[in-house]
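Architecture at a glance
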Amino acid sequence: MASFAKDPRCIAMAEAMAPLLRRACPEGAGGYGGSYQVNLDDEEAVGLGGVELIRAAMRKAARKLDWKVETIGWIGTRFGTMIAIQDTREVPEPYRAVVEAAMYERMSAAVARVPSELDEAPVQRGSVALMTQEFRAAVADARD
């Protein structure tokens, strides 16, 4: 597998992603419990360097936040290209209730959207639609 550590596109994308990952952590959780997902058109993902470069940029950004992570990336899904990262660190007790409540809220919102799956995704804090819009804007700014 190719290393993207010194690729200027990866470095610029990671710089742009770090604040997005930080904001993805639940409020009051001490920086724990963050996750981030973007759904891009397949051609758009390829134009940004491909799934592996985007995943590498996400991992690089997450290291700046001391996250221990898992990432996934698939091209050609029914949603286009899906790329996600999740902080897998053990959550300290003082933040556990906040992280669990945020996870429950996200899961409940996802389940509530299933019947209207064919409708446009709502643009609300923590939604994949908003994360994708933020990602596109941050990457565009980093490329300028």
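The sections below set out a description of the structure shown in this document. In this text, all values refer to a predicted model and were calculated from it rather than measured experimentally. The numbering scheme is per chain: residues are counted from 1 as the chain's sequence reads. Reporting in this predicted model follows two pLDDT cut-offs: at least 70 for local features of residues, and 80 or more for side-chain atom pairs to be given and counted; totals over whole chains, interfaces and linings ignore these cut-offs and use all residues. Values reported for side chains reflect all heavy atoms of the structure, with hydrogen atoms and water molecules removed beforehand.

Working definition: helices are DSSP H or I runs of at least four residues, strands are E runs of at least two. Numbering for both runs from the N terminus. The helix and strand inventory of the chain stands at five helices and three strands. Each helix and strand of the chain, placed in order from N terminus to C terminus, yields the pattern α-β-α-α-β-β-α-α. Only protein chains enter the accessibility calculation, which uses a 1.4 Å probe; a residue is then buried when its area is under 20% of its type maximum, exposed when over 50%, and partly exposed in between. The buried share of the chain, reckoned over its 144 residues, is 38%. Within the chain, contacts between residues at least 6 apart in sequence are counted, and of these 67% link residues at least 24 apart. Of the roughly 8600 Å² of accessible surface on the chain, 55% is carried by carbon and sulfur atoms. Every residue pair with non-hydrogen atoms within 4.5 Å of one another is taken to be in contact. Accessible surface area values rest on a Shrake-Rupley calculation with a 1.4 Å probe, where residue burial reflects the displayed protein chains alone.

Think of it this way: a Phe, Tyr or Trp ring, Trp meaning its six-membered ring, pairs with another when their centres are within 6.5 Å, and the plane angle makes it stacked under 30 degrees, edge-to-face over 60, tilted otherwise. Under the criterion given, the structure shown has one aromatic pair. Ring geometry for Y32 and Y95: centres 5.8 Å apart, planes at 25°, overall stacked. Of this pair, Y32 sits in the loop between helix 1 (8-23) and strand 1 (35-40) while Y95 sits in helix 4 (residues 93-113), and the two are 63 residues apart along the sequence. Owing to a relative accessible area of 18%, Y32 belongs among the buried residues under this scheme. The side chain of R89 reaches across the aromatic face of Y32, ending 4.1 Å from its centre. Two thresholds decide whether a charge sits over a ring: the Lys NZ or Arg CZ must be within 6 Å of the ring centre and within 35 degrees of the ring normal.

Whether two strands pair depends on DSSP finding at least two bridges between them. Read across the open sheet, the three strands follow the order 1-3-2; overall the sheet is antiparallel. The open sheet has two edge strands, strand 1 and strand 2 (69-77), and neither has a second partner. Across this sheet, the average inter-strand angle for adjacent strands is 5°, counted without regard to direction. Note on definitions: angles span 0 to 180 degrees between N-to-C directions of axes, and those axes are lines fitted to C-alpha atoms, for helices only across the stretch in contact.

So, on to the packing of helix 1 against helix 3 (residues 51-64). Remark: helix 1 packs on helix 3, axes separated minimally by 7 Å, with the N-to-C direction vectors making an angle of 55°. Taken together, the axes of helix 1 and helix 3 are oblique relative to one another. As helix 1 runs across helix 3, the sense of the crossing is right-handed. Each of R9, C10, I11, M13, A14, E15, M17, A18 and L21 in helix 1 lies in contact with helix 3, whose residues at this interface are L53, I54, A56, A57, M58, K60, A61, A62 and K64. Of the residues in the contact of helix 1 with helix 3, the class split is 14 nonpolar, no polar and four charged. What sets the label is the angle itself: under 35 degrees gives roughly parallel, over 145 gives roughly antiparallel, 65 to 115 gives roughly perpendicular, and the rest give oblique. Here a crossing is taken to be left-handed if its near helix is turned anticlockwise relative to the far helix by less than a right angle, and right-handed if that turn runs clockwise. Side-chain classes are defined by residue name, with Ala, Val, Leu, Ile, Met, Phe, Trp, Tyr, Cys and Pro counting as nonpolar, Asp, Glu, Lys and Arg as charged, and the others, Gly among them, as polar.

All right, on to unusual backbone geometry then. A positive phi angle is found at D66, which is not glycine, with a value near 65°. Secondary-structure assignment places D66 in the loop between helix 3 and strand 2.

What follows is about the nonpolar core. We define the nonpolar core as a collection of buried residues of types Ala, Val, Leu, Ile, Met, Phe, Trp, Tyr and Cys that are connected through side-chain atoms lying within 4.5 Å of one another. Ranked by size, the top nonpolar core spans 32 residues in total, and within it M13, M17, L21, Y36, L40, I54 and F135 carry the most contacts. Among the secondary structure elements, those contributing two or more residues to this core are helix 1, strand 1, helix 3, strand 3 (80-87) and helix 5 (128-143). In contact with M17, other than residues within four places in its own chain, are Y36, M58, A61 and F135.

Residue position: A29 is located in the loop between helix 1 and strand 1. Among all residues touching A29, those that are not within four sequence positions of it are Y95, V98 and V99.

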